[in-house]
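Below are the chains, spelled out letter by letter.
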Amino acid sequence: MQYVLALPDGEQIPYRLERRARHTIGMKITVDGLIVHAPLRIRHADLEALLRSKARWITSKLKARQAAVVPEFEWRDGAELHLLGQPLTLRIAPSSRNSSPKLEGNALKIATTNIHDHTMIARKVIQWLQKEARLDFARRLPIFAARLGEPTPALLLSNAKTRWGSCNSRREVRLNWRLIQAPPALINYVIAHELAHLREMNHSARFWAVVAKLYPDYPAAEQALKACSQQLYRLG
Ligand SMILES: [Zn+2]
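This report concerns the structure included in the present document. (Residues numbered from 1 in each chain as written. Predicted model: local features only at pLDDT ≥ 70, side-chain atom pairs only at ≥ 80, totals over all residues. Heavy atoms only, no water.)

## A closer look at the coordination of the zinc ion
We apply this condition: Sodium, potassium and calcium take a 3.2 Å donor cutoff, other metals 2.8 Å, and in both cases only N, O and S atoms count; water is not among them, so sites may look incomplete. For every residue, the accessible area obtained with a 1.4 Å probe (protein chains only) is divided by the maximum for its type, and the residue is called buried under 20%, exposed over 50%, and partly exposed between those limits.
Within the protein, His193 (NE2), His197 (NE2) and His203 (NE2) serve as the donor atoms for the zinc ion, at 2.0 to 2.1 Å. Coordination of the zinc ion draws on donor residues from a single chain, spaced H-x3-H-x5-H in sequence. Note on accessibility: His193 and His197 belong to one class, buried.

Structure follows, in structure tokens:
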């Protein structure tokens with residue numbers, strides 16, 4: 001089961017809880033994040049209190065793991081971005097004025113008065129990706145909604161740090177703009193997943209049966225998404 005540990009400082013740490021016939025609580029940090037092994041009988045509130053007391057250890061280990069696996073993105077000329085799973089080379093050119101990024105073949109070109117202003121370059125490129133994301137997701141959503149036999153829900157972009165999408169009872173689907181970097185199949189999976197929540201607001205067997213109708217090979221997509229998550233979260 002997947003849970004989120006809320007810390008007093010507002011930080012949220014997702015973790016996977018695996019209950020076992022054991023007497024002690026074990027924690028490990030993997031590529032998927034924090035995994036907790038706990039005795040069958042411990043109350044959830046007691047478990048979370050204990051995890052909170054270890055918060056310093058957990059957050060430092062998570063940070064170290066992240067830094068070790070994926071280096072921070074560098075906003076320099078020639079850096080490699082991704083759009084719909086395809087590599088996109090960032091081209092930064094000096095110019096007398098700033099302009100928005102433009103897609104040319106498999107290059108994303110940006111002209112700027114200061115090629116060293118990485119903050120500005122990052123902001124412009126991320127805005128561009130967000131615009132692409134909105135256009136792309138808005139095309140896919142009605143297709144999957146129709147397959148489900150539901151009216152197309154409202155689409156909102158999210159900037160969440162730990163989740164790809166969400167769906168609420170007001171029929172709003174939020175999709176993380178960073179998904180635009182992923183192959184189309186993975187975007188389709190997240191859309192299928194969130195739309196299935198219109199029918200089942202949980203992760204029960206009934207929910208997964210709805211997902212399977214929209215996206216039969218969802219276990220592979222779920223795995224692939226996990227495998228590239230850190231890469232996709234490098235931006236923004
Ligand atoms: Zn879900």
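From this point, the narrative continues.
## With respect to the sheet that holds strand β4 (residues 33-39)
How we decide: Pairing between strands is defined by DSSP: at least two bridges between them are needed. Note on conventions: DSSP H or I runs of at least 4 residues are helices, E runs of at least 2 residues are strands, and numbering of each starts at the N terminus. Helix axes use the C-alpha atoms of the stretch in contact, all axes being lines fitted to C-alpha atoms, and the angles between their N-to-C directions lie in the range 0 to 180 degrees.
One open sheet holds the four strands; their spatial order is β1-β2-β4-β3, and the pairing between them is mixed. With one partner strand each, in any of the chains shown, β1 (2-6) and β3 (26-30) form the two edges of the open sheet. With strand direction ignored, the average angle separating the axes of adjacent strands in the sheet is 35 degrees. Bridging between strand β2 (residues 12-20) and β4 involves six bridges; their strand directions are parallel.

## A closer look at helix α4 (residues 184-196)
For clarity, the threshold we go by: By definition here, a helix of n residues has an expected span of 1.5 Å times n minus one. Throughout, a contact is declared for two residues whenever any of their heavy atoms are within 4.5 Å.
In a regular helix each residue adds 1.5 Å, so 13 residues correspond to 18 Å; α4 covers 18 Å between its end C-alpha atoms and thus fits that length. Counting buried positions along α4 yields eleven of 13 residues, so the element is predominantly enclosed. When α4 is considered as a whole, its buried residues turn out to be Leu186, Ile187, Asn188, Tyr189, Val190, Ile191, Ala192, His193, Glu194, Leu195 and Ala196. Buried residues belonging to α4 abut α3 (118-148), β10 (165-167), β11 (172-176), α5 (205-214) and α6 (218-232).

## A word on the packing of α4 against α6
Definition in use: By definition in this entry, angles of less than 35 degrees are roughly parallel, angles greater than 145 are roughly antiparallel, angles of 65 to 115 are roughly perpendicular, and the rest are oblique. Note on convention: the crossing is left-handed when the near helix lies turned anticlockwise from the far helix by less than a right angle, right-handed when the turn is clockwise.
Two elements in contact, α4 and α6, have axes separated by 10 Å at closest approach and are oriented at 115 degrees. The angle between the axes of α4 and α6 places the two elements in the roughly perpendicular class. Note that α4 runs across α6; the crossing there is left-handed. For the pair formed by α4 and α6, the contact residues are Leu186, Tyr189 and Val190 on the first element and Tyr218, Ala221, Glu222, Ala224, Leu225 and Cys228 on the second.

## Re the pattern of salt bridges
Here is the rule we go by: Definition used for salt bridges: Asp or Glu carboxyl oxygen within 4 Å of a side-chain nitrogen of Lys or Arg.
One pass over the full model with this rule turns up eleven salt bridges. Residue Glu200 pairs with Arg206 through a salt bridge whose shortest N-O separation is 3.0 Å. Residue Glu200 is classed as buried on the basis of its relative accessible area, which comes to 13%. Because the salt bridges share partners, they merge into one network encompassing Arg16, Glu18 and Arg20.

## Digging into the nonpolar core
Selection criterion: By nonpolar core we mean a set of buried residues, namely Ala, Val, Leu, Ile, Met, Phe, Trp, Tyr and Cys, connected to one another through side-chain atoms within 4.5 Å.
Trp75, Leu81, Leu90, Val125, Leu129, Tyr189 and Leu195 are the most contacted members of the largest nonpolar core, which has 51 residues in total. Going through the elements one at a time, β5 (80-83), β6 (86-94), β8 (107-112), α3, β11, α4, α5 and α6 are the ones with two or more residues in this core. Ranked by residue count, the leading element in this core is α3, at twelve residues. Those residues in contact with Leu90 that sit more than four places away from it in its chain are Trp75, Arg76, Asp77, Gly78, Ala79, Leu81, Leu108, Ile110, Ile121 and Val125.

## Brief notes about the packing of α3 against α4
Running from amino to carboxyl end, α3 crosses α4 at an angle of 50 degrees, the nearest separation of the two axes being 10 Å. Put simply, α3 runs oblique to α4. Seen from above, α3 lies across α4 with right-handed handedness. Between α3 and α4, the residues in contact are Asp136, Phe137, Arg140, Leu141, Phe144, Ala145 and Leu148 and Pro184, Ile187, Asn188, Ile191, Ala192, Leu195 and Ala196, respectively.

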